[in-house]
Amino acid sequence: MNQQYEQKEYHYFLCMMYGFYIIYSILVPLYLLNSMDRSVFYGHHWSKVVSSTLLVFNDIISYNIKDGPWNYKYLCLFTSYHIVNLLINFYFLRIEDKAWGRHPYSDKVDVIARIDSLIYLITGVLVYAFPDKVMLDLEETQESYTTLCRSCAALILSLSFESYCLSEFLFLGDKKNFMFARVLGSLAKAFVIVHASLYWKIFSLNSFLLLFASDVVYNLVVVYGYLVTPNHPKEKLKNDE
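In this text the structure is predicted, and so the values were computed from the model without any measurement.

S.K.: Sorry, what's going on with the packing of helix 8 (residues 172–200) against helix 9 (residues 205–227) here?
M.R.: Helix-helix packing: each pair is described by the crossing angle between the helix axes and the interaxial distance. In the contact formed by helix 8 and helix 9, the axes pass within 9 Å of each other and the chain directions differ by 165°. On the basis of their axis angle, the class for helix 8 and helix 9 is roughly antiparallel. Regarding helix 8 and helix 9, the two cross each other, and that crossing is left-handed. Residues Lys 176, Met 179, Phe 180, Arg 182, Val 183, Ser 186, Leu 187, Lys 189, Ala 190, Ile 193, Val 194 and Ser 197 of helix 8 form the contact with helix 9, whose participating residues are Phe 208, Leu 211, Phe 212, Asp 215, Tyr 218, Asn 219, Val 222, Val 223, Gly 225, Tyr 226 and Leu 227. Of the residues contributing to the contact of helix 8 with helix 9, the split by class is 15 nonpolar, four polar and four charged.

In structure tokens:
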């Protein structure tokens, strides 16, 4: 009975993480809405194209597994939603202003953004490829859990594309807002981890410390990126390319 309770709580935690990453994935465009550089959304649209594509693959994988969590109706519903989302963002990629061109490492925050991109890329690939291995303290895995885990991984991986495109921003103010969105997301993730450990008690002490410490280290990285970026907007001239 206790094991069934723990399985149920772990499922709640994965649902909460998936919801968190959905909200996290829109923080950057929200903080860049007032930007005078419309090309700042180019990386975001690419990230949504990537995440939608991976989520479609995830739906198909889950449907084809025997006794899996998807039936035909679920497959049609969620796959249609992800395909529509993919087409919408691909359309905006065609009509939005493209980035002026990369200015790698011209600002300190560019280096932090590349580190941020690498972290999300490695994490997303590992979680998407090996969902059973990354679910700590889960004694008995189910396909619904691995489906949710791969869904989170698709969103994690897509965040890498946003960070990679930061060096193409024309204004330092946009870069600072970008890093501020990352800081808020990291703090929210820490809250989710603490809530899952203290309220649902689904993690051992070692697992909790591993998750929390990794989030703290990441938060320090993005906080540094936020602090080293000047407060005033500064246009990067195209002559600096």
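S.K.: Got a minute to help me understand helix 5 (residues 108–129) in this structure?
M.R.: In an α-helix, one turn spans 3.6 residues, which is why side chains three or four residues apart end up on the same side. Between its first and last C-alpha, helix 5 extends 32 Å over 22 residues, near the 32 Å set by a 1.5 Å rise per residue. Every buried residue of helix 5 is listed here: Val 109, Asp 110, Ile 112, Ala 113, Arg 114, Asp 116, Ser 117, Tyr 120, Gly 124, Val 127 and Tyr 128.

S.K.: How should I be thinking about the nonpolar core in this particular structure?
M.R.: Soluble globular proteins tend to pack their nonpolar side chains together in the buried interior. The biggest cluster of nonpolar side chains holds 48 residues, and the ones touching the most others in it are Tyr 10, Phe 13, Tyr 21, Tyr 24 and Met 179. When residues of this core are traced back to their parent elements, those giving at least two are helix 1 (2–24), helix 2 (27–31), helix 3 (42–64), helix 5, helix 7 (143–164), helix 8 and helix 9. Ranked by residue count, the leading element in this core is helix 7, at ten residues. The residues touching Tyr 10, leaving out its near neighbours within four places in the chain, are Met 135, Leu 136, Asp 137, Leu 138, Ile 202 and Phe 203.

S.K.: How should I be thinking about the confidence of the model for the protein chain in this particular structure?
M.R.: Summary statistics for the protein chain give a mean pLDDT of 87 and a share of 88% for residues scoring 70 or more. When pLDDT is averaged over each helix and strand of the protein chain, the minimum, 83, is found for helix 1 and the maximum, 95, for helix 9.

S.K.: I'm lost on the packing of aromatic side chains in this one. Help?
M.R.: Note on aromatic pairs: each is described by the distance of the centres and the angle between the planes. Throughout the structure, instances matching the rule amount to 16 aromatic pairs. With a centroid separation of 5.4 Å and 75° between ring planes, the pair formed by Tyr 31 and Phe 180 is classed as edge-to-face. Placement of the pair is Tyr 31 in helix 2 and Phe 180 in helix 8, with a sequence separation of 149 residues. Taking relative accessible area as the criterion, Phe 180 reaches 29% and is therefore assigned partly exposed. Arranged with centres 6.3 Å apart and planes meeting at 45°, the rings of Tyr 74 and Phe 78 form a pair that is tilted. You can see Tyr 74 and its partner Phe 78 sitting in helix 4 (residues 72–95), four residues apart, about one turn around the helix. One aromatic cluster is present, built from ring pairs that chain together Phe 20, Tyr 21, Tyr 24, Tyr 120 and Tyr 218. For the cation-ring pair, Arg 114 lies above Tyr 164, with the distance from its terminal atom to the ring centre recorded as 4.5 Å.

S.K.: Hey, could you run me through the environment of Ala 188 in this one?
M.R.: Turning to its location among the elements, Ala 188 is positioned in helix 8. Sequence spacing of Ala 188 and Tyr 21 is 167 residues, and the spatial spacing of their C-alpha atoms is 10.0 Å.

S.K.: Just to check I follow, could you spell out the side chain of Ser 186 for this structure?
M.R.: Inspection of the secondary structure puts Ser 186 in helix 8. Only 3.5 Å separates the side chain of Ser 186 from the side chain of Asp 215, close enough to count as a polar contact. Once residues lying within four places of it in the same chain are set aside, the contact partners of Ser 186 are Tyr 24, Asp 215, Tyr 218 and Asn 219.

S.K.: Explain a nonpolar patch on the surface here, please?
M.R.: Side chains of Leu 118, Leu 121, Ile 122, Val 125, Leu 126 and Phe 130 sit close together on the surface and give an oily, nonpolar patch of about 520 Å² of accessible area. Within the secondary structure layout, Val 125 lies in helix 5.

S.K.: Is there a simple way to think about the pattern of salt bridges in this case?
M.R.: Two side chains that carry opposite charge are able to pair once their charged atoms sit near each other. On inspection of all chains with the given rule, the structure shows five salt bridges. Note that Lys 175 is salt-bridged to Asp 107, the shortest N-O span being 2.9 Å. Residue Lys 175 is found in helix 8, and its partner Asp 107 is found in the loop between helix 4 and helix 5; the two are separated by 68 residues along the sequence. Take Lys 175: its relative accessible area is 0%, and that puts it in the buried class.

S.K.: Please explain the packing of helix 3 against helix 7 as it appears in this structure.
M.R.: Following both chains from N to C, one finds helix 3 and helix 7 inclined at 160°, their axes separated by 8 Å at the closest point. It follows that helix 3 is roughly antiparallel to helix 7 by the angle criterion. The handedness of the crossing between helix 3 and helix 7 comes out as right-handed. Between helix 3 and helix 7, the residues in contact are Gly 43, His 44, Ser 47, Val 50, Ser 51, Leu 54, Leu 55, Asn 58, Ile 61 and Ser 62 and Glu 143, Thr 147, Arg 150, Ser 151, Ala 154, Leu 155, Leu 157, Ser 158, Phe 161 and Glu 162, respectively. Each residue belonging to the contact of helix 3 with helix 7 can be placed in one class, and the counts come to eight nonpolar, nine polar and three charged.

About the cut-offs
Residues numbered from 1 in each chain as written. Predicted model: local features only at pLDDT ≥ 70, side-chain atom pairs only at ≥ 80, totals over all residues. Heavy atoms only, no water. Axes fitted to C-alpha atoms, helices over the stretch in contact; angles between N-to-C directions. Helix = DSSP H or I, 4+ residues; strand = E, 2+ residues; numbered from the N terminus. Parallel < 35°, antiparallel > 145°, perpendicular 65-115°, else oblique. Left-handed = near helix turned anticlockwise from the far one by under 90°. Contact = heavy atoms within 4.5 Å. Nonpolar A, V, L, I, M, F, W, Y, C, P; charged D, E, K, R; others polar. Expected span 1.5 Å × (residues − 1). Buried < 20%, exposed > 50% of the residue type's maximum accessible area, 1.4 Å probe, protein only. Core = buried A, V, L, I, M, F, W, Y, C linked by side-chain atoms within 4.5 Å. pLDDT = per-residue confidence, 0-100. Phe/Tyr/Trp six-rings, centres within 6.5 Å; stacked < 30°, edge-to-face > 60°. Lys NZ or Arg CZ within 6 Å of the ring centre and 35° of its normal. Polar contact = N/O pair within 3.5 Å; in protein donor to acceptor, adjacent residues only side chain to side chain. Patch = residues over 30% accessible without salt bridge, like charges linked within 9 Å, V, L, I, M, F, W, Y side chains within 5 Å. Areas by Shrake-Rupley, 256 points an atom, 1.4 Å probe, with all protein chains shown as cover. Salt bridge = Lys/Arg side-chain N within 4 Å of Asp/Glu carboxyl O.

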